[in-house]
Amino acid sequence: MERLPLSANERGRPRGLDYPWKRDQALSASWSLALRLITPLTFIAIWQLLCSSGALGATPSPWQVLGALWSLATKPDPYLHATLWSHLGASLFRVIGGFFIALLVGVGLGLLMGWYPLVYHSLHPLVEMIRPVPPFAWVVLAILWFKIGNAPAIFIVFLGAVFPMIINTVSGVEAVDRVLCEAAATLGANSRQILWKVVIPSALPQIITGLRVGLGVAWMSLIAAEMVGVGGRGLGLIIDISKSTWKLDYSVAAMVVIGLIGFFLDFLMRRAERALLRWR
Amino acid sequence: MPPLLMLKELKKVFAATRGLPPVEVLAGVSLDLEKGSFTCVVGPSGCGKTTLLRIVAGLETASSGRVLLEGVEIEGPGARVGLVFQEFALFPWRTILGNVTFGLEVRGDLTAGERKARAEYYLELVGLRGFEKRYPREISGGMKQRVAIARTLVVQPHLLLMDEPFGSLDAQTRNAMQEFLVDLWLRTGITVLFVTHNVDEAVFLGERVVALTSRPCSVRHIYPVPLEYPRDRTATQFVEIRREILSYLAKESGADE
Ligand SMILES: Nc1ncnc2c1ncn2[C@@H]1O[C@H](COP(=O)(O)OP(=O)(O)OP(=O)(O)O)[C@@H](O)[C@H]1O
Ligand SMILES: [Mg+2]
């Protein structure tokens, strides 16, 4: 039999590397770490070069931002009334508090809506009408109801987080395999047990996706709300005040912290996801 | 003693939906199962075998007729009637052990230790000791089906329903599973109602083979299989019974088209 000519793939690397769904196994730990560091470092290097060359005008350079971070972290700025840590602490407290309230409400409602048609039909129109309103648009009402402080900020976080959680939980429940519910029923499970022992675990991957997306939206909404002074403190406020005092380096420093915290929060969620979905 | 299961003139019509006409599936199925018996059901594809099992399992309600288990009408699914699904239906987020303990957990009368011990006994029975900590995706199709059987047996159902449980297995695994099932049945004495497409399988397993007509189905003929276990597929009598049922089915599905 005549041998077919080898394709580029067959001649070159081992075949295993060619399958994108084998992403995790394909790269060695050190190689993937290197890749993960290289892009951000290159980004910072280009940024620094552009600043040094004067192409970006008054844009603070990475080096200046580092300096700004240092001074924010070490001495309370007279306009900001506190150090970076205090503002960071406030933002974190709000995002975590609001996230957990949203988790209880969002996953709870999502399960009820997905499982009981009655609840679904009663709540779906309301949910779908409130959902498109950006959490930020609620700022005025939030201040009216909760005054200035943590409470309105947590309310905004809640609004940002709760809808992705509801939507994902509902579709997770809707996608539960009917056969698994029937199998549970023939093993003697009642409907409450089917909900807890079949529906929730089945829907868990999608519930967790909802939590992840919700946390991301909540973090962005919180910063936006803090920028108009909802919290009286917070990372968003640093950006707002630095704008009036023309401290661009403080603004960018706050942006960097916001980005890093956002990354860190998502990292925690991915960890939780991996731990909870070991069976996959 | 009265039969363990009595089906009396079971009829089932699926109501019209989405502009589709109603489907009459069961046209009066009557059948008795003695306690401890092994009954196989064969019939043309789409005649209503799955529907029949689902009604007996309480997952579907009959349009008319009665299903009596130990003289009492079946009202919804429960642990007294175990059903082994064709598609295994294991819980993918639970380990093998977790799958088998499920029915004991929901019953709630045993401690975790007792549940584990009992599940391990049944895993031993189906030859799966050592796989307790695996997840369903980590084991083969034949092993999955044995887990499904152990999961059903652990709650000690009075009646075991099996819907083409070996349909998706390769020929070798299938034969091994049939031998395993006969052995299990001989040891446990459980009453089995086994649905299959495969006449060879039916004659190998059943004390009797119930042949259904095409849809809407009813019982056409009951073939006794007076052969000792374990059976020899090449024995003259085996081949004879098999041929008889096959020619009936060929006629029946021909009439359908
Ligand atoms: N929920 C339903 N609604 C309407 N028709 C249905 C429903 N379930 C089954 N049917 C119809 O009932 C008939 C019998 O279905 P069933 O699954 O019981 O057949 P079966 O004998 O198990 O077939 P097979 O041997 O292919 O597994 C089929 O024609 C099917 O289309
Ligand atoms: Mg079927």
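Please read these numbers as outputs of a predicted model, since none were measured by experiment.

With respect to the site of ligand 1
Residues and elements named next belong to chain B.
In step 1: As a structural note, the neighbourhood of ligand 1 is formed by 13 residues, with Gly 48, Lys 49, Thr 50, Thr 51 and Arg 215 the closest of them.
In step 2: Here an oxygen atom of ligand 1 sits 3.4 Å away from a polar atom, N or O, in the side chain of Glu 164.
In step 3: Look at ligand 1: alone it shows 640 Å² of surface, and the protein chains cover 63% of it.
In step 4: Of all elements in the fold, only strand E2 (23-33) and helix H1 (49-56) reach the threshold of two or more residues within the shell around ligand 1.
In step 5: Its residues assigned to classes, the shell around ligand 1 shows 4 nonpolar, 6 polar and 3 charged.

Considering the layout of surface pockets
Residues and elements named next belong to chain A.
In step 1: In this model, the second largest pocket occupies a volume close to 500 Å³.
In step 2: Broken down by secondary-structure element, the contributors of at least two residues to the lining of the second largest pocket are helix H3 (29-52), helix H4 (62-74) and helix H12 (248-276).
In step 3: Looking at the lining of the second largest pocket, the element that brings in the most residues is H12, giving 6 residues.
In step 4: Of the residues contributing to the lining of the second largest pocket, the split by class is 14 nonpolar, 1 polar and no charged.
In step 5: Each of two domains, domain 1 (8-59) and domain 2 (61-276), supplies a minimum of three residues to the lining of the second largest pocket.

Regarding the domain arrangement of chain A
All names here are of chain A.
In step 1: Segmenting chain A into domains produces domain 1 (8-59) and domain 2 (61-276).
In step 2: Tallying the contact residues gives 6 residues for domain 1 and 7 residues for domain 2.
In step 3: Roughly 520 Å² is buried in total at the junction of domain 1 and domain 2, and carbon and sulfur atoms are behind 70% of that figure.
In step 4: On inspection of domain 1 and its partner domain 2, the count reaches 0 salt bridges.
In step 5: At the boundary of domain 1 with domain 2, the tally comes to 2 residue pairs in polar contact (both at pLDDT 80 or more).
In step 6: Looking at side-chain class alone, the side of domain 1 that touches domain 2 contains 4 nonpolar, 2 polar and no charged residues.

So, the environment of A:Val162
All names here are of chain A.
In step 1: With respect to the helices and strands, the residue Val 162 is situated in helix H8 (residues 150-174).
In step 2: Between the C-alpha atom of Val 162 and that of Ala 102, which follows or precedes it by 60 residues, the distance is 4.8 Å.
In step 3: Excluding residues that lie within four positions of it along the chain, Val 162 makes contacts with Ala 102, Val 105 and Gly 106.

Some thoughts on the pattern of salt bridges
Residues and elements named next belong to chain B.
In step 1: Applying the stated criterion across every chain, the model contains 23 salt bridges over all chains.
In step 2: The closest approach of N and O atoms between Glu 201 and Arg 174, which form a salt bridge, is 3.2 Å. Remark: Arg 174 occurs in helix H5 (residues 171-188) and Glu 201 occurs in helix H6 (residues 199-205); sequence separation between them is 27 residues.
In step 3: Judged by relative accessible area, which is 0%, Glu 201 ranks as buried.
In step 4: The residue Arg 242 makes a salt bridge to Asp 200 at a minimum N-O spacing of 3.9 Å. Remark: Asp 200 occurs in helix H6 and Arg 242 occurs in helix H7 (residues 236-256); sequence separation between them is 42 residues.

Quick look at the packing of aromatic side chains
Residues and elements named next belong to chain B.
In step 1: Using the criterion set out here, one finds 14 aromatic pairs over all chains in the structure.
In step 2: On the numbers, 5.8 Å between centres and 55° between planes, the contact of Phe 166 with Phe 194 is tilted. With Phe 166 in the loop between strand E7 (159-163) and H5 and Phe 194 in strand E8 (residues 191-195), the pair connects residues that are 28 residues apart, well separated along the chain. For the pair formed by Phe 166 and Phe 194, the shared burial category is buried.
In step 3: Ring-pair connections join several aromatic residues into one group, and the members of that group are Phe 38, Phe 166, Trp 185, Phe 194 and Tyr 229.
In step 4: Arg 151 extends its terminal NZ or CZ atom over the ring of Phe 91, reaching a point 4.8 Å from the ring centre.

Points about the interface of chain B and chain A
In step 1: Chain B puts 25 residues into the contact, and the matching count from chain A is 18 residues.
In step 2: Where chain B abuts chain A, roughly 1900 Å² becomes buried across the two surfaces, and 69% of that area is made up of carbon and sulfur atoms.
In step 3: The largest contributions to the chain B side of the interface with chain A come from B:Trp93, B:Phe102 and B:Val106, which together make up 34% of the buried area.
In step 4: At the junction of chain B with chain A, the criterion picks out 2 salt bridges.

Some remarks on helix H6 (residues 117-130) of chain A
In step 1: Taking 1.5 Å per residue as the helical rise, H6(A) with its 14 residues ought to reach 20 Å, and the 20 Å between its terminal C-alpha atoms agrees with that figure.
In step 2: Along its length, H6(A) shows its largest kink, about 40°, at A:Leu123, and proline A:Pro125 lies within four residues downstream of that point.

A look at the pairing of strand E9 (residues 208-212) of chain B
All names here are of chain B.
In step 1: Across the 5 residues that make up E9, a large majority, 4, are buried.
In step 2: Sheet topology places strand E3 (residues 38-42) next to E9; 4 bridges connect them, and they run parallel. Within E9, the position partnered with Val 42 by the bridge is Ala 211.
In step 3: Taken together, the 5 bridges between E9 and strand E10 (residues 219-224) define a ladder with antiparallel strand orientation. Looking at E10, one finds that Val 209 is bridged to Tyr 223.
In step 4: Adjacent in sequence and paired antiparallel, E9 and E10 are bridged by 6 residues.

Brief notes about H5(B)
All names here are of chain B.
In step 1: The terminal C-alpha atoms of H5, which comprises 18 residues, lie 25 Å apart, in line with the 26 Å expected from a rise of 1.5 Å per residue.
In step 2: When we look at burial in H5, the residues that qualify are Arg 174, Met 177, Gln 178, Phe 180, Leu 181, Val 182, Leu 184 and Trp 185.
In step 3: Along its buried surface, H5 packs onto E3, helix H3 (112-125), helix H4 (141-153), E7, E8 and H6.
In step 4: Near the N-terminus of H5, the side chain that reaches the backbone nitrogen of Gln 172, with its oxygen 3.2 Å away, is that of Asp 170.
In step 5: Residue Gly 189 follows H5 closely and has a positive phi angle near 70°.

Rules of the game
Residues numbered from 1 in each chain as written. Chains lettered and ligands numbered in written order. Predicted model: local features only at pLDDT ≥ 70, side-chain atom pairs only at ≥ 80, totals over all residues. Heavy atoms only, no water. Near = heavy atom within 4 Å. Polar contact = N/O pair within 3.5 Å; in protein donor to acceptor, adjacent residues only side chain to side chain. Areas by Shrake-Rupley, 256 points an atom, 1.4 Å probe, with all protein chains shown as cover. Helix = DSSP H or I, 4+ residues; strand = E, 2+ residues; numbered from the N terminus. Nonpolar A, V, L, I, M, F, W, Y, C, P; charged D, E, K, R; others polar. 1 Å grid on protein atoms, 1.4 Å probe; cavity = no way out; pocket = protein on both sides within 12 Å on 5 of 7 lines; lining within 4 Å. Points joined across faces, edges and corners; volume = space filled by probe spheres on them. Domains from an automatic or database assignment. Contact = heavy atoms within 4.5 Å. Buried area = accessible area lost by both parts, 1.4 Å probe. Salt bridge = Lys/Arg side-chain N within 4 Å of Asp/Glu carboxyl O. Buried < 20%, exposed > 50% of the residue type's maximum accessible area, 1.4 Å probe, protein only. Phe/Tyr/Trp six-rings, centres within 6.5 Å; stacked < 30°, edge-to-face > 60°. Lys NZ or Arg CZ within 6 Å of the ring centre and 35° of its normal. Expected span 1.5 Å × (residues − 1). Bend = angle between axes of the 7 residues up to and from the residue. Pairing = 2+ DSSP bridges.

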